[in-house]
Structure formats: C-alpha cells, structure tokens
Amino acid sequence: MIVARPELPLYRLYLLRAAFALIGVAQGLRTWPAILHHTHPWDFWHGVGMSFFGALTLLALLGIRYPVRMMPLMIFEFAWKLVWVLAAYLPAYLGHSVDADLADNFWGIFLGVVVVPLVLPWGYVWKNYVTAAGDRWR
C-alpha cells in the first residue's frame, strides 16, 4: 500500500500557524480596541486602514486552523508590507525626510518583509499559485 506524502511537512504548518497567531494577536491587540472604542470620527484613510487591519486580524486567526487554505493571506501580508517599504518608507529615507509616523511604524512593518518570506513554503507557493493550471473560465 502506497501512502501519499503530505505536500507540506508538519513543521511548516506550525510555522505558518505561529505567524498567523502573531499577526492575529499582536495586530489585533492594537487594532480592535481602537475599532471598538474610538471616541471621534475617523478620517477616510484612517477608517480604511483600521478596517483593513481588523479584517486582517480576523482572517489571520482563521489561518491558525487552516494554514494552507489561508496562505494567500500570508502572501498578501508580505506583498503589502514590501510595497509600503519600497513606496512609502524608502523614498522618504533616501530623501532624508522620514517623519515620526514613518519612523514609528517602520520596524513593525519591515519585520514582516523579513519574517514572512522565511515562513512561507516558496516551493509550494510556486507550484500551487504560479505554475499550476488556472481555474476554468466557463
């Protein structure tokens, strides 16, 4: 009898679960009190950001149970942080115009650019999201 080998080793699943837990809990502890107890109306972009982070934390908690199914969320986490570092922080840094807001948020966001690629199983991502046949159109 031939037993199919799982595509991802157990340690990879636990790494993904740990990363999802970190995002869900650490970001959630900052985001949800602000969502539930804000005392004044938010401007448009602050509201967008808080809503984004609220949804991200809820979906990250779901990723603890379903780390493979929720892997696109981890890819998205890496992508938005990389775009922020390259499009928001780096130009300000090179232009010597990093303000307090950018500086205060840099390490928390940059850490995701460093850690998430270490957690993601890139062979699996390549095989299942880049080179796999797409879903049918009709």
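Bear in mind the structure is a predicted one, so any value in this text is a computation, not a measurement.

Q: Teacher, can you tell me more about the overall build of the chain here?
A: When helices and strands are counted, the chain shows 5 helices and 0 strands. Its helices and strands taken in sequence order, the chain reads α-α-α-α-α from the N to the C terminus. Dimensions of the chain, computed from the C-alpha atoms along their principal axes, are close to 65 × 40 × 35 Å. Taking all 138 residues of the chain together, the buried fraction comes to 30%. Within the chain, contacts between residues at least 6 apart in sequence are counted, and of these 76% link residues at least 24 apart. Entry remark: accessible area of the chain is about 9,900 Å², with carbon and sulfur atoms responsible for 68%. Looking at the chain, you have 10 positive and 7 negative side-chain charges, and the mean spots of the two groups are 19 Å apart.

Q: Would you mind going over the environment of Phe78 with me for this structure?
A: Positionally, Phe78 belongs in helix α3 (residues 71-94). Looking at Phe78, the relative accessible area reads 17%, which means it is buried. The spatial distance from the C-alpha of Phe78 to the C-alpha of Phe110 is 9.6 Å, given a sequence separation of 32 residues.

Q: Explanation requested: the nonpolar core in the structure shown.
A: Note that soluble globular proteins tend to have their nonpolar side chains buried in a common cluster. If you look at the biggest cluster of nonpolar residues, it comprises 28 residues, and the most contacted ones within it are Leu16, Phe20, Met71, Leu73, Met74, Trp84 and Leu120. For this core, the elements supplying multiple residues, two or more each, are α1 (10-36), α2 (44-65), α3, α4 (100-119) and α5 (122-130). Ignoring anything within four residues of it in the chain, the contact list for Phe20 reads Ala60, Gly63, Ile64, Pro67, Met70, Met71, Leu73 and Met74.

Q: Would you explain the pattern of salt bridges in this entry?
A: Pairs can form between side chains of opposite charge whenever their charged atoms are close. For the coordinates displayed, the defined rule picks out 2 salt bridges. Of the charged contacts, one joins Lys127 and Glu7 as a salt bridge, the two residues approaching to 3.3 Å between their closest N and O atoms. A residue pair is termed long-range when its members are at least 10 positions apart, and Lys127 in helix α5 and Glu7 in the segment before α1 qualify at 120 residues. Its relative accessible area of 49% is what places Glu7 among the partly exposed residues. A salt bridge links Lys81 to Glu77; the nearest nitrogen and oxygen atoms lie 2.9 Å apart. In this pair, Lys81 and Glu77 both sit in helix α3, 4 residues apart, roughly one turn of the helix. Side by side, Lys81 and Glu77 carry an identical accessibility label, which is buried.

Cut-offs used in this document
Residues numbered from 1 in each chain as written. Predicted model: local features only at pLDDT ≥ 70, side-chain atom pairs only at ≥ 80, totals over all residues. Heavy atoms only, no water. Helix = DSSP H or I, 4+ residues; strand = E, 2+ residues; numbered from the N terminus. Buried < 20%, exposed > 50% of the residue type's maximum accessible area, 1.4 Å probe, protein only. Contact = heavy atoms within 4.5 Å. Areas by Shrake-Rupley, 256 points an atom, 1.4 Å probe, with all protein chains shown as cover. Lys, Arg positive; Asp, Glu negative; His and termini not counted. Charge placed at Lys NZ, Arg CZ, Asp CG, Glu CD. Core = buried A, V, L, I, M, F, W, Y, C linked by side-chain atoms within 4.5 Å. Salt bridge = Lys/Arg side-chain N within 4 Å of Asp/Glu carboxyl O.

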